[in-house]
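Chain by chain, the residues run as shown.
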Amino acid sequence: MLYELGTVGMVCPFPLIEAQKKMEELNPGDELKIDFDCTQATEAIPNWAAEQNYPVTNYEQLDDASWTITVQKA
């Protein structure tokens, strides 16, 4: 199942903190789509996903200052 987490407007590290909290609620195989506009999260979220062995199934820059990333719970 795909869940969405909108963190646009949140300053770092809150997009990552909110993603970590939400991921704890998900079942293995579920995906979390995170929309964010904090530039530090462009590295922090993928690094966290890699550390947790969560596959990144989508990652794209939407415009000059916003991104979306989809992470699957392993």
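The structure reproduced in this document is the subject of the present report. Only a predicted model underlies this, so the values are computations on that prediction, with no experimental measurement involved.

A word on helix H1 (residues 14-25)
Right, so step 1: Along its 12 residues, H1 runs 17 Å from first to last C-alpha, staying within 8% of the 16 Å computed at 1.5 Å per residue.
Right, so step 2: Those residues of H1 that fall on the buried side of the exposure criterion are Pro-15, Leu-16, Ala-19 and Met-23. Viewed end-on, H1 has its buried residues packed into an arc of 95°, placing them on one side of the element. Exposed side chains of H1 directed beyond 90 degrees from the buried face belong to Glu-24 and Glu-25.
Right, so step 3: Where H1 is buried, its residues contact strand S1 (2-6), strand S2 (31-36), helix H2 (41-51) and strand S4 (66-72).

Quick word on unusual backbone geometry
Right, so step 1: The omega torsion of the bond from Cys-12 to Pro-13 falls at 10°, within 30 degrees of zero and hence cis.
Right, so step 2: Note that Pro-13 resides in the loop between S1 and H1.

Focus: the state of the cysteines
Right, so step 1: Counted according to the given criterion, the structure contains 1 disulfide.
Right, so step 2: Two residues share a disulfide in this structure: Cys-12 and Cys-38, whose sulfurs sit 1.6 Å from each other. For the disulfide bridge between Cys-12 and Cys-38, the dihedral angle about the S-S bond is near -120°, and by the sign convention the bridge is left-handed. Residue Cys-12 is found in the loop between S1 and H1, and its partner Cys-38 is found in the loop between S2 and H2; the two are separated by 26 residues along the sequence.
Right, so step 3: Among the residues examined, Cys-38 registers a relative accessible area of 10% and is labelled buried.

What counts, and where the lines are drawn
Note that residues are indexed from 1 along each chain, following the sequence as it is written. The predicted nature of this model means local features are confined to residues of pLDDT at least 70 and side-chain atom pairs, given and counted, to a pLDDT of 80 or more, with totals for whole chains, interfaces and linings taken over all residues. Computation of side-chain values covers all heavy atoms of the structure but excludes hydrogens and water. In this text, helices come from DSSP runs of H or I with a minimum length of four residues, and strands from runs of E with a minimum of two, each type numbered from the N-terminal end. One less than the residue count of a helix, multiplied by 1.5 Å, gives the span that helix is expected to have. Partly exposed residues are those whose accessible area sits between 20% and 50% of the maximum for their type, while under 20% is buried and over 50% is exposed, using a 1.4 Å probe and protein chains only. In this description, one arc is meant: the one made by directions from the helix axis to the C-beta atoms. Only heavy atoms matter for contacts: two residues are in contact if any of them lie within 4.5 Å across the pair. Put simply, a disulfide is two cysteine sulfurs that come within 2.5 Å.

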